[in-house]
Amino acid sequence: MDKFYHIVTYGCQMNVHESEKIAGILSELGYKSSDSMEKADIVVFNTCCIRENAENHAFGNIGMLKKLKAARRDMIIAVGGCLTQQLGKAGDLHDKFPYVDIIFGTHNLGKLKDYILKKQSQKKAVIEVVDDDGKVYQETKSLRTSYPNAWINITYGCNNFCTYCIVPYVRGRERSRRSADIIAEAKELIALGYKEITLLGQNVNSYANGTEDISFPELLQKIAEIDGKFRLRFMTSHPKDFSEELVKVIADNPKICKCVHLPVQSGSDKILRAMNRRYTSADYVEKVATLKEYIPNCAITTDLIVGFPGETDDDFKATLNLVNKVGFSSAFSFVYSKRDGTVAAKMENQIPAEVSKQRIMELISLVNSNTREQSEKYIGKTVEILCEDYDKKRGAYLGRDEFGRMAYFKSDKDVIGEFVNVLIDGANGISLFGKIV
Ligand code: 5AD
Ligand code: SF4
């Protein structure tokens, strides 16, 4: 009889790709994918803890499984990822949800197979969260779900310790994979028909820092030289390490998308210092100017945080000014969330929720109006879209241009994984609409 798995993923692209690795492990054990939790023999929660709401969301959903588990005692529930890696959280989770069978952290995902086999032979829960041992993980075979895009990890962990951020605590120190392995993986994926490669790391720019291997711009260049038609993307870039050498490589290689995610977080130098970002808003604007000098039409996207401890109205205004100055193609705006164990959690002058709420609404409205303006400029233009999926609700295919703009369009035949030319005849916020020409 067939056995099924269902994976619930929270958080960033790193987690999305790690869920593909989890899927690879489960399929090796003979499980098949299922969209339904009710039908699944094993449910895996791949969690996130970057902000409190991500954590609450996961806790809520794990809680909802109690009933299902009572009705289906043989079902295995496993919880892994960033949430469980936090100090003391695995124990809390076990106390709160004793019916969870397996708890594992970010550093031992590769052992999930052993944990499942162990659980199948014992009644007791299997709980193992290990500390970072500084090693590059043993790559497990992924069962990729995001065709035509393929994610490739280039670094794991982070050394930056931005004062608000939990990532360095739950993902450990930065480690780079060998460039030869990364290039071989990219070649294999392109040969298999993947049309977009996205290199992943918390700070891709510091790739191979301190080792003998090549630099990030060199790595990017080498991957861009692989034969075949494909797009190359990467994320995330830290502004302090974003170099002119990298900008030149992006400019010179048509396969590298002219779209850079460069999180600025705040426009206030006082707040950037308190965040330990190690650049000023003027430094950031200068990096953007260099980027625009070499690639005038380059799209820049960013992350912004409001309500960081000590943020005054003037600090917030500096963020609004920066947003206006740069003209981001899109931005993710977040309310600061206090994370236990981080430096900022102990700072005075935590900002009241009502103030942060007011600020985030103002920021989102500004960001949206910039995005809308840029989308409207597309009307009447023909753009090359890499078709990614079919949206049943809209009855339309969708995909992005090289600048990351999403477009919806109709097609009589399945064009997923194909590059198509789409004449844009409508725009709604961040989305474009058009027809194949
Ligand atoms: N609160 C709010 N936003 C955060 N981010 C990271 N940590 C926090 C936090 N504690 C945001 C940053 C980062 C993005 C991935 O998440 O903007 O770039
Ligand atoms: Fe977090 Fe800063 Fe590292 Fe990004 S660079 S993961 S925000 S500590």
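Preceding this paragraph is the structure being described.
What you are looking at is a predicted structure, and each value in this text was computed from that prediction instead of being measured.

Trainee: Hey, could you go over the site of ligand 1 for me, with residue numbers and the actual values?
Mentor: Taken together, Ile50, Arg51, Tyr164, Gln265, Asp303, Ile305, Phe334, Val335, Tyr336, Ser337 and Arg339 make up the full set of residues near ligand 1. Summarising the interface, the protein chains cover 86% of the accessible area of ligand 1, which totals 400 Å² for the free molecule. Within the residue set of the shell around ligand 1, elements represented by two or more residues are strand E13 (299-306) and strand E14 (330-335). Considered class by class, the residues forming the shell around ligand 1 number six nonpolar, two polar and three charged.

Trainee: Describe the sheet that holds E13, listing the residues and the values that go with them.
Mentor: Within a sheet, adjacent strands bond to each other through the backbone by hydrogen bonds, running parallel or antiparallel. Strand order in this open sheet of three strands is E12-E13-E14, and the pairing throughout is parallel. Looking at which strands have only one partner, the edges of the open sheet turn out to be strand E12 (259-261) and E14. Direction aside, neighbouring strands of the sheet carry axes that sit 15 degrees apart on average. In terms of strand pairing, E13 meets E14 through six bridges, oriented parallel. Across the sheet, Asp303 pairs through a bridge with Phe332, a residue of E14. Running at roughly 175 degrees to E14, helix H14 (residues 353-376) makes contact with E13 and E14 of the sheet.

Trainee: Tell me about the state of the cysteines, and name the residues and values.
Mentor: Taken as a whole and assessed by the stated rule, the structure comprises zero disulfides. For Cys48, which is in no disulfide, the shortest distance to another cysteine sulfur is to Cys49 and amounts to 6.1 Å. For Cys48, a relative accessible area of 8% corresponds to the buried category. Here Cys82 stays unpaired: no disulfide links it, and the sulfur of Cys49, its closest cysteine neighbor, is 5.1 Å away. You can call Cys82 buried: its relative accessible area is 9%.

Trainee: Can you tell me about the environment of Ser146, naming the residues and giving the values?
Mentor: Relative to the helices and strands, Ser146 resides in the loop between strand E6 (126-128) and strand E7 (149-153). Considering only alpha carbons, one finds Ser146 and Glu20, 126 residues apart in sequence, at a separation of 8.9 Å. Filtering out sequence-adjacent residues up to four positions away, Ser146 remains in contact with Glu20 and Trp151.

Trainee: Quick one: what's the story with the pairing of strand E19 (residues 431-436), residue by residue and with numbers?
Mentor: The pairing of strand E17 (residues 406-410) with E19 spans five bridges and is parallel. Looking at the pairing, Phe409 lines up with Gly434 of E19. Summarising the sheet, strand E18 (residues 419-428) and E19 pair through six bridges and their orientation is antiparallel. Looking at E19, one finds that Ile424 is bridged to Gly434. Taking the residues between adjacent antiparallel strands as the criterion, E18 and E19 are bridged by two residues, where Gly429 takes a positive phi near 65 degrees.

Trainee: Provide a residue-level description of the site of ligand 2, including the pertinent values.
Mentor: Around ligand 2, the neighbouring residues are Cys158, Asn160, Phe161, Cys162, Tyr164, Cys165, Val167, Pro168, Gln202, His238 and Arg277. Partitioning the shell around ligand 2 into residue classes produces seven nonpolar, three polar and one charged.

Trainee: Describe the packing of helix H9 (residues 216-224) against helix H10 (residues 244-252), listing the residues and the values that go with them.
Mentor: At a closest axis distance of 9 Å, the pairing of H9 and H10 adopts a crossing angle of 10 degrees. By the angle class used here, H9 and H10 are roughly parallel. Where H9 approaches H10, its residues Phe216, Pro217, Glu218, Leu220 and Gln221 are matched on the opposing element by Glu245, Leu246 and Val249. Split by residue class, the contact of H9 with H10 holds five nonpolar, one polar and two charged.

Trainee: How would you sum up the nonpolar core? Please name residues and give values.
Mentor: Soluble globular proteins: nonpolar side chains tend toward being buried together. Membership of the largest hydrophobic core comes to 54 residues, with the highest contact counts inside it found for Leu199, Phe216 and Tyr284. Phe216 has contacts with Ile154, Leu199, Val204, Asn205, Tyr207, Phe234 and Leu246, leaving out every residue within four places of it along the chain. Cys48, Ala58, Leu68 and Met75 belong to the second largest nonpolar core, which has 27 residues in total.

Trainee: I'd like a description of the pattern of salt bridges, backed by residues and values.
Mentor: Summed over the entire model, instances satisfying the criterion amount to 26 salt bridges. A salt bridge links Asp74 to Arg72; the shortest N-O distance between them is 3.8 Å. Arg72 sits in the buried class, given a relative accessible area of 19%. By sharing partners, the salt bridges in this structure join Glu20, Arg144, Arg177 and Glu185 into a single network.

Trainee: Before we move on, can you summarise the packing of aromatic side chains with the specific residues and values?
Mentor: In total, this model carries 12 aromatic pairs according to the counting rule given. With a centroid separation of 5.3 Å and an interplanar angle of 70 degrees, the aromatic rings of Phe216 and Phe234 are classed as edge-to-face. Note that Phe216 is positioned in helix H9 and Phe234 in strand E11 (residues 231-235), a separation of 18 residues in sequence. For the pair Phe216 and Phe234, a shared accessibility class is recorded, and that class is buried.

Trainee: Account for a nonpolar patch on the surface, naming residues and giving values.
Mentor: A cluster of nonpolar side chains, contributed by Phe161, Tyr169 and Val343, occupies part of the molecular surface with about 250 Å² of accessible area. With respect to the secondary-structure elements, Val343 resides in the loop between E14 and H14.

Trainee: With reference to specific residues and values, describe H10.
Mentor: Residues of H10 that are buried include every one of Leu246, Val247, Val249 and Ile250, and no others. Take H10 and look down its axis: the buried residues cluster within an arc of 160 degrees, on one side only. Looking at the buried residues of H10, the elements they touch are H9, E11, E12 and helix H12 (281-294).

Trainee: Now, about the side chain of Glu185: what can you tell me, with residues and values included?
Mentor: Within the secondary structure layout, Glu185 lies in helix H8 (residues 179-191). Each residue touching Glu185, except ones within four places of it in the same chain, is listed here: Arg144, Trp151, Ile152 and Arg177.

Trainee: Before we move on, can you summarise the environment of Arg273 with the specific residues and values?
Mentor: Of note, Arg273 is situated in helix H11 (residues 269-274). For the pair formed by Arg273 and Thr163, sequence separation is 110 residues and the distance between their alpha carbons is 9.6 Å.

Trainee: Pulling in residues and values, what's your account of the pairing of strand E3 (residues 42-47)?
Mentor: Judged by how many residues are buried, E3 sits mostly within the fold: six of six residues are covered. By the alternation rule, side chains of E3 split into Ile42, Val44 and Asn46 and Val43, Phe45 and Thr47, which are all buried. Sheet topology places E3 next to strand E4 (residues 76-81); six bridges connect them, and they run parallel. Looking at E4, one finds that Val43 is bridged to Ile77.

Each value, and the rule that gives it
Residues numbered from 1 in each chain as written. Chains lettered and ligands numbered in written order. Predicted model: local features only at pLDDT ≥ 70, side-chain atom pairs only at ≥ 80, totals over all residues. Heavy atoms only, no water. Near = heavy atom within 4 Å. Areas by Shrake-Rupley, 256 points an atom, 1.4 Å probe, with all protein chains shown as cover. Helix = DSSP H or I, 4+ residues; strand = E, 2+ residues; numbered from the N terminus. Nonpolar A, V, L, I, M, F, W, Y, C, P; charged D, E, K, R; others polar. Pairing = 2+ DSSP bridges. Axes fitted to C-alpha atoms, helices over the stretch in contact; angles between N-to-C directions. Contact = heavy atoms within 4.5 Å. Disulfide = S-S within 2.5 Å. Buried < 20%, exposed > 50% of the residue type's maximum accessible area, 1.4 Å probe, protein only. Parallel < 35°, antiparallel > 145°, perpendicular 65-115°, else oblique. Core = buried A, V, L, I, M, F, W, Y, C linked by side-chain atoms within 4.5 Å. Salt bridge = Lys/Arg side-chain N within 4 Å of Asp/Glu carboxyl O. Phe/Tyr/Trp six-rings, centres within 6.5 Å; stacked < 30°, edge-to-face > 60°. Patch = residues over 30% accessible without salt bridge, like charges linked within 9 Å, V, L, I, M, F, W, Y side chains within 5 Å. Arc of directions from axis to C-beta.

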